[in-house]
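Tertiary structure, described
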Amino acid sequence: MERGRTNHLRLMGAEQQALFEQVETDSVGFAFVVRSMHLDFLKPARMDDVLDVVTWPIAVKGASIMLAQEVKRCEDVLVKAEVRVAFISGGRAQPIPKSIRTLMKADLIS
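Residues numbered from 1 in each chain as written. Predicted model: local features only at pLDDT ≥ 70, side-chain atom pairs only at ≥ 80, totals over all residues. Heavy atoms only, no water.

Some thoughts on the side chain of Arg73
Heads up, the rule is: Only DSSP runs of H or I reaching four residues or more are called helices, and only runs of E reaching two or more are called strands; each is numbered from the N terminus. The contact definition used throughout considers only heavy atoms, calling two residues in contact when any of these lie within 4.5 Å.
Among the secondary structure elements, Arg73 is positioned in strand E3 (residues 64–73). Sequence-distant contacts of Arg73, that is, excluding residues within four places in its chain, are made with Pro44, Ala45, Arg46, Asp49, Val50, Leu51 and Leu78.

Now the structure itself:
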């Protein structure tokens, strides 16, 4: 699921490296960290299953974003999750920079 959240950003099609370099100058030592996670295990996965992780944003607050995730095997949903991810800089939660909010389309979410 962590990889799904990382790939969600990558698949947005933005120049992440340039974006993060820009944010790094404004927010030294920044990171996204999982603040909380709620999981519903619906069906088991088995060794050698090919799984898809689908990720989408559902809510944004100043320093955090709530993401929904599903782990699927073909059309079967195996796990549903809600993940609150916080933006941390200088060891403390900070407002998510505008450039990252725009990349995540966070300004479109209420």
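The structure having been displayed, the exposition proceeds.
What to know about the nonpolar core
Just so we agree on the cut-off: As used here, the term nonpolar core means buried Ala, Val, Leu, Ile, Met, Phe, Trp, Tyr and Cys residues forming a set that is joined through side-chain atoms within 4.5 Å. Per-residue accessibility, obtained with a 1.4 Å probe over protein chains only, is compared with the maximum for each type, and a residue is labelled buried under 20%, exposed over 50%, and partly exposed between these values.
One finds Phe30, Val60, Ile65, Leu67, Ala81, Val83, Val85, Phe87, Ile96 and Ile100 forming the largest nonpolar core, which totals 10 residues. For this core, the elements supplying multiple residues, two or more each, are E3 and strand E4 (76–89). The element best represented in this core is E4, accounting for four residues.

What to know about the environment of Val77
Here Val77 lies in strand E4. Val77 sits 35 residues away from Leu42 along the chain, and the two C-alpha atoms are 7.2 Å apart. Setting aside chain neighbours within four positions, we find Val77 in contact with Leu42, Lys43, Glu70, Val71 and Lys72.

A closer look at the pairing of strand E2 (residues 52–60)
For clarity, the cut-off: Two strands qualify as a pair provided DSSP detects at least 2 bridges between them.
In terms of strand pairing, E2 meets E3 through eight bridges, oriented antiparallel. Within E3, the residue paired with Val54 across the bridge is Glu70. Between the end of E2 and the start of E3, which pair antiparallel, lie three residues.

A short note on the pairing of E4
The side chains of a regular strand alternate between the sheet's two faces. Inspection of the sheet shows strand E1 (residues 31–41) paired to E4 by 10 bridges, in the antiparallel sense. Opposite Val34, over in E4, you have Val85 as the bridge partner. The sheet contact formed by E3 and E4 spans 10 bridges and is antiparallel. The partner of Ala68 across the bridge, within E4, is Glu82. Taking the residues between adjacent antiparallel strands as the criterion, E3 and E4 are bridged by two residues, where Cys74 takes a positive phi near 55°. Two strands pair when backbone bridges link them, and E4 and strand E5 (residues 92–93) are joined in this way by two bridges, in the antiparallel orientation. The partner of Ile88 across the bridge, within E5, is Ala93. Between the antiparallel neighbours E4 and E5 lie two residues, among them Gly90 with a positive phi of about 60°.

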